[in-house]
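Each chain, letter by letter, is given below.
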There are 2 protein chains.
Amino acid sequence: MKRVFSKLAFPRYEKPAIRTEIPGPRSRELLKEMDMLQETRTINFFMDTAKSQGTYAVDADGNVILDVFGHIASLPLGYNHPALAEAASKPEWLPFLLQRHALGVQPPVEWPKELRETLMRVAPKGLSEVLTTCGCGSSANENAFKAAFIWKRARERHGSEPTTKELMSCMQNEAPGSPQKSILSFERSFHGRTMGCLSATRSKPIHKVDIPAFPWPVCPFPHLSYPLHEHERENREEEDRCLTRVEDLIRAHPIPVAGIIVEPILAEGGDHAATPYFYQQLRRIATSNGIAFIVDEVQTGCGGTGKFWAHEYWQLDTPPDMVTFAKKMQVSGFFLKSEFRPAQAYRIYNTWMGDPLRMLQLHVIANVIEKENLLTRVSDTGNFVKMELERISRETPFLVANVRGSGTFLAFDMPNAATRDQLLFEMRQKGVQMGGCGEVTIRLRPPLIFKQQDANILIETLELVLKNLKAHSSQKESLPIH
Amino acid sequence: MKRVFSKLAFPRYEKPAIRTEIPGPRSRELLKEMDMLQETRTINFFMDTAKSQGTYAVDADGNVILDVFGHIASLPLGYNHPALAEAASKPEWLPFLLQRHALGVQPPVEWPKELRETLMRVAPKGLSEVLTTCGCGSSANENAFKAAFIWKRARERHGSEPTTKELMSCMQNEAPGSPQKSILSFERSFHGRTMGCLSATRSKPIHKVDIPAFPWPVCPFPHLSYPLHEHERENREEEDRCLTRVEDLIRAHPIPVAGIIVEPILAEGGDHAATPYFYQQLRRIATSNGIAFIVDEVQTGCGGTGKFWAHEYWQLDTPPDMVTFAKKMQVSGFFLKSEFRPAQAYRIYNTWMGDPLRMLQLHVIANVIEKENLLTRVSDTGNFVKMELERISRETPFLVANVRGSGTFLAFDMPNAATRDQLLFEMRQKGVQMGGCGEVTIRLRPPLIFKQQDANILIETLELVLKNLKAHSSQKESLPIH
């Protein structure tokens, strides 16, 4: 086994190698097979994961594809990283592989140390506690919302326990026990798909329609003009307009606001960010109104922007109250200030409360990020890609516009959805997998190990495909999709 | 590695062995350490998982504890089962150990086969599709609710796509796009802790208070009298009373009902079940009102009741529309009829959509259940334990009452919460870990491999502890806990 696990000769790839269209015959066969059991229209291709390596995905038909999407931003070290393979060979991993612990009842003896050496080691400055939740960003945000509501009500009761009336009425889903409280979020934001999260998500109708939602307030998010340094004055005015609207909503919305949630970059909604000023002011507004300030770093966290947490760019005087995470982190959950820990036990709780095995994986990931100085690599490679995209944008402004982002967490807009989708398709046929977001946006989400040579291939392929790409006429779809 | 993984000589235990109080000094040290970072009052002890084996948990202080709670019913094959250890040594597991796939974008080639050979192999009769969700029962139920709402609205639109008005209004969380629709659930039921699930959960105030909830209808669940065969007439009357209330609520509740969710045994709420008649009638009411009938088998599923799915006991003419699962299944999700698959893609979707590694684990679990005939063992051992509990109840009716359940999914009531908690504590000191639920109930949730010798030790220890246990006077707590 040692042989197989730690000395397994994973293939190495230097560039894409395309044998068939993508999805190819074998992927299409698998799609047909799988479609008997569930929806498959969202699938690009099936992976031969054992053959994949580094930044290269190998698909079911043997195509070697440079992966600049990374499983929707959730692949930190690429495929089959040797450090992970070596760690997985250690007998220490076995107990976490063979059973899932109920971490709130009988956690493993290793758990406090893992929390400290893994999550707390990368904890955002000023947040002294952490909770892991069950395996997705939605569960992270749902629990952060709950922590905000519990904190807000405890403050309103001046720390007293819930009253009998509250305990009784909540069993009927009625006030005062089920309070009229809200989470304020922003237009175009995405915070997950469970019903609490979905009430804060404002990305696209297809995510929301037909699902009941809480009547929570939504605020415009700044529409900045690019490049930023040429539009400082109007961008500041736009940000102030949105901040005023936040304050108006807090004052006037019929459902009192308990928390504000915001992404550093509105990723599903089209990779929109505001300047640090905007977030600094949001933090100030939250503090002065006694509202929890929650930063959703599910997609931005774990290094893709060149900082471990994207909100480090804001240089806040007062840290966020909670920071949620998932995706590249492999585990999901949230960091919090200790005042957001509920006074009573069993309030933010569930059976598994995470997955220790995925925590061991994160431990290795954090080691590699540190040892290989991956944040610097992300910044350097990202700067190169961004400059190249800006050059391409200057050369073909009718196809590539609004280049934006930090690190390798980059995006640009295309003239319409059909052209964007066409670019994604053609790039994939040339062996480069990118992602779409918003209505007309291309997003790049490579693993942190994405290197100069990968960046060169990305840019060369992009230029080649753009040359042959005619801007499609806009095809309005009745249901805008993800 | 092969040596370590598949020939690792796990210790074997024949009976509990107690060295310290539980939690012992080492567990208490770890509690202190962990309490710096998060809530720890829910934790019973820390596990030395590598030393644990079969039905025996070894704790941080070297105590050997018979585990009749199984990580809140989520441990199907006990600790470090040799079949799992052997499977984990195979190189096939490695790609699933080193990265998490975005199953809706780039699933592994093995995925359709795993869906078919693992989940569909144990699929409830009549349900031809399955969706995996992200790692907990809450995400399973949230997505089943969404499928019910989407299905209901599609029916109301006679299959047409959502209107422009719906697509626009849902972005404001307003009707008609965010519709006034509800899920009907039952008093004392537990369906999870995210905000949609929590609106259906009616177990205890501590789970719900201070969290906003949808104004959904709640219906009384039958309070049956035990033993069932002595109270057939009044139990039928009680069930009819609740069924009438369900029909009244469907007719009159201001928020139209899109789905009914029910557990075969209301487990967190105190292990209450109704007779097959009740569930047959519920199914009939759902069908005749065009309402989705969702069975929550998160806790009851995967064999603990002696059937793979507890709802098999009901012998329904028409299967449930959806059946949700998690816990012992290691993966979470729901089975569904094909008519509940949304017509559009990206509606029930997220980044990971499950964890293929935990699916491989389930594959082995399903093999072992079949090969070792574990459902029969669960029935046989369960029958023995139940008869013994009934004997004890006859001998000490003031301490043990209302013995109930199927297979090893058994429960009994104690006179009050303090006595119940005292019994849990004293049993743990003697090396037997059980669980509590409801207000005054003891629940047994052993692994499926629980054997006659384990059952003997459970009963002997219980009789010993009961003998010394004085019924505590009821201590009303301001906040009833889990």
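All of these numbers come straight from a predicted model, not from anything done at the bench.

Can you walk me through the sheet that holds strand β11 (residues 409-413) of chain B in this structure?
Hydrogen bonds between backbone groups are what pair the strands of a sheet, and the pairing can be parallel or antiparallel. All names here are of chain B. Reading across from one edge, β10-β11-β14-β13 is the order of the 4 strands in this open sheet, with antiparallel pairing throughout. Taken across any chain shown, the strands that pair with only one partner, and hence form the sheet edges, are β10 (401-406) and β13 (435-437). Shown here is a sheet whose adjacent strand axes are inclined to one another by a mean of 25°, direction ignored. By the bridge criterion, 3 bridges tie β13 to strand β14 (residues 441-444) in an arrangement that is antiparallel. Directly across from G436, in β14, lies its bridge partner I442. Contacts from helix α14 (residues 374-395) reach β10, β11 and β14, with the element oriented near 175° to β10.

Would you mind going over helix α11 (residues 232-252) of chain A with me for this structure?
Working note: α-helix, 3.6 residues per turn, so residues spaced by three or four point in the same direction. Residue and element names in this part refer to chain A. The end-to-end C-alpha distance of α11 is 30 Å, a good match for the 30 Å that 21 residues give at a rise of 1.5 Å each. Among the residues of α11, those classed as buried are N235, E238, E239, C242, L243, V246, L249 and I250. Taken end-on, α11 shows its buried residues confined to a sector of 135°, consistent with a single buried face. Facing away from the buried side of α11 by over 90 degrees, the exposed positions are R233, R251 and A252.

Explain the relation of the copies chain A and chain B here, please?
Each of the two chain copies can be brought onto the other by rotation about an axis and movement along it. Placing chain A over chain B gives an RMSD of 0.0 Å and needs a rotation angle of 180°, together with 0.0 Å of translation along the axis. Those values place the two copies in the arrangement expected of a two-fold rotation axis. Comparing interface residues between copies, 100% of those in chain A also sit at the interface in chain B, which points to an isologous, same-surface contact.

What exactly am I supposed to notice about empty space enclosed by the protein here?
To find leftover empty space, a probe the size of one water molecule is rolled over the atoms. Applying the stated rule across the entire model yields 12 cavities of 30 Å³ or more. Each pocket or cavity is described by its volume, and for the largest cavity that value is around 380 Å³. Together, 27 residues line the largest cavity, and N350 and T351 of chain A together with S138, F190 and G192 of chain B are the ones closest to its centre. By residue class, the composition of the lining of the largest cavity is 8 nonpolar, 13 polar and 6 charged. What the second largest cavity holds in volume is close to 300 Å³.

Looking at this structure, I do not really get the packing of helix α15 (residues 417-429) of chain A against helix α16 (residues 452-468) of chain A. What am I missing?
Angle between the axes and distance between the axes are the two parameters that describe a pair of packed helices. Residue and element names in this part refer to chain A. Interhelical geometry of α15 versus α16 gives an angle of 120° and a closest axis separation of 10 Å. The pairing of α15 with α16 is recorded here as oblique in orientation. Handedness of the crossing formed by α15 with α16: right-handed. Judged by residue contacts, L423, E426 and M427 of α15 engage L458, T461, L462, V465 and L466 from α16. Its residues assigned to classes, the contact of α15 with α16 shows 6 nonpolar, 1 polar and 1 charged.

Quick question: what am I supposed to make of the environment of L167 of chain B here?
Residues and elements named next belong to chain B. In this structure, L167 sits in helix α8 (residues 164-170). Relative accessible area serves as the criterion here: at 10%, L167 is assigned to the buried category. With 47 residues separating them in the primary sequence, L167 and F214 have C-alpha atoms 21 Å apart.

Help me out: how do you make sense of the pairing of strand β7 (residues 292-296) of chain A in this one?
If a strand is regular, its side chains alternate between the two faces of the sheet. All names here are of chain A. Counting buried residues along β7, 5 of its 5 residues qualify, which places the element largely inside the surrounding structure. Along β7, one buried face is formed by A292, I294 and D296 and the opposite face, lined by F293 and V295, is buried too. In terms of strand pairing, strand β6 (residues 257-262) meets β7 through 4 bridges, oriented parallel. Looking across to β7, one finds that I261 is bridged to I294. Chirality of the crossover, the property in question, places the unit of β6, helix α12 (residues 276-288) and β7 among those that are right-handed. Of the strand pairs in this sheet, β7 and strand β8 (residues 322-325) are connected by 3 bridges, and their pairing is parallel. Each residue of the ladder has a partner; that of I294, found in β8, is M322.

How do you make sense of the domain arrangement of chain A when you look at a structure like this?
Buried accessible area, meaning the area lost when the parts come together, often serves as the stated size of an interface. Residue and element names in this part refer to chain A. What the domain assignment reports for chain A is domain 1 (1-31 + 50-57 + 75-94), domain 2 (101-354) and domain 3 (379-409 + 463-477). Every contact between the two is made by 12 residues of domain 2 and, on the other side, 8 residues of domain 3. Between domain 2 and domain 3 lies a buried interface of about 810 Å² when both sides are counted; carbon and sulfur atoms form 60% of it. By the criterion of area lost to domain 3, the three top residues of domain 2 are Y226, D271 and G304, representing 48% of everything that side buries. Our enumeration of links across domain 2 and domain 3 arrives at 5 residue pairs in polar contact (both at pLDDT 80 or more). The residue inventory of the side of domain 2 that touches domain 3, partitioned by class, reads 4 nonpolar, 7 polar and 1 charged.

I would appreciate a short explanation of the pattern of salt bridges in the present structure.
For side chains of opposite charge, pairing can occur when their charged atoms come near one another. In total, this model carries 60 salt bridges over all chains according to the counting rule given. The shortest N-O distance in the salt bridge between D48 of chain A and K51 of chain A comes to 3.2 Å. Each of the salt bridges in this network shares a partner with another, and the network as a whole consists of R153, E156, R157, E166, K181 and R347 of chain A together with D210 of chain B.

For this particular structure, what's the right way to read the packing of aromatic side chains?
What describes a pair of aromatic rings is the distance from one ring centre to the other and the angle between the planes of the rings. As enumerated under the stated definition, the model contains 31 aromatic pairs over all chains in all. Measuring from ring centre to ring centre gives 5.0 Å for F325 of chain A and F335 of chain A, while their planes differ by 45°; the resulting arrangement is tilted. Residue F325 of chain A is located in strand β8, and its partner F335 of chain A is located in strand β9 (residues 332-336); the two are separated by 10 residues in the primary sequence. Each member of the pair, F325 of chain A as well as F335 of chain A, is classed as buried. Note on F308 of chain B and W309 of chain B: the rings are 5.2 Å apart at their centroids and 65° apart in plane angle, and the pair reads as edge-to-face. Accessibility expressed as a relative area gives 2% for W309 of chain B, which makes it buried. In this structure an aromatic cluster arises from ring pairing among F145, F149, F214 and W216 of chain A together with F145, F149, F214 and W216 of chain B. The aromatic ring of W352 of chain B is capped on one face by R100 of chain B, whose charged end is 3.7 Å from the ring centroid.

Would you mind going over helix α13 (residues 356-371) of chain A with me for this structure?
For α13 of chain A, which comprises 16 residues, the first-to-last C-alpha distance of 23 Å matches the rise-based estimate of 22 Å (1.5 Å per residue) to within 8%. Counted residue by residue, α13 of chain A has 13 buried out of 16 residues, so it is predominantly covered.

Which parts of the structure should I look at to understand the packing of helix α6 (residues 111-119) of chain A against α13 of chain A?
Residues and elements named next belong to chain A. The contact between α6 and α13 brings their axes to 10 Å, and the two run at 40°. Crossing hand, α6 versus α13: left-handed. For the pair α6 and α13, contact is made by W111, E114, L115, E117, T118 and L119 and by P356, M359, L360, L362 and H363, respectively. Of the residues assigned to the contact of α6 with α13, the class counts are 7 nonpolar, 2 polar and 2 charged.

Definitions and limits used
- Residues numbered from 1 in each chain as written.
- Chains lettered and ligands numbered in written order.
- Predicted model: local features only at pLDDT ≥ 70, side-chain atom pairs only at ≥ 80, totals over all residues.
- Heavy atoms only, no water.
- Pairing = 2+ DSSP bridges.
- Helix = DSSP H or I, 4+ residues; strand = E, 2+ residues; numbered from the N terminus.
- Axes fitted to C-alpha atoms, helices over the stretch in contact; angles between N-to-C directions.
- Contact = heavy atoms within 4.5 Å.
- Expected span 1.5 Å × (residues − 1).
- Buried < 20%, exposed > 50% of the residue type's maximum accessible area, 1.4 Å probe, protein only.
- Arc of directions from axis to C-beta.
- Least-squares fit on C-alpha atoms with pLDDT ≥ 70 in both.
- 1 Å grid on protein atoms, 1.4 Å probe; cavity = no way out; pocket = protein on both sides within 12 Å on 5 of 7 lines; lining within 4 Å.
- Points joined across faces, edges and corners; volume = space filled by probe spheres on them.
- Nonpolar A, V, L, I, M, F, W, Y, C, P; charged D, E, K, R; others polar.
- Parallel < 35°, antiparallel > 145°, perpendicular 65-115°, else oblique.
- Left-handed = near helix turned anticlockwise from the far one by under 90°.
- Right-handed = clockwise from strand over helix to strand, strands pointing away.
- Domains from an automatic or database assignment.
- Buried area = accessible area lost by both parts, 1.4 Å probe.
- Polar contact = N/O pair within 3.5 Å; in protein donor to acceptor, adjacent residues only side chain to side chain.
- Salt bridge = Lys/Arg side-chain N within 4 Å of Asp/Glu carboxyl O.
- Phe/Tyr/Trp six-rings, centres within 6.5 Å; stacked < 30°, edge-to-face > 60°.
- Lys NZ or Arg CZ within 6 Å of the ring centre and 35° of its normal.

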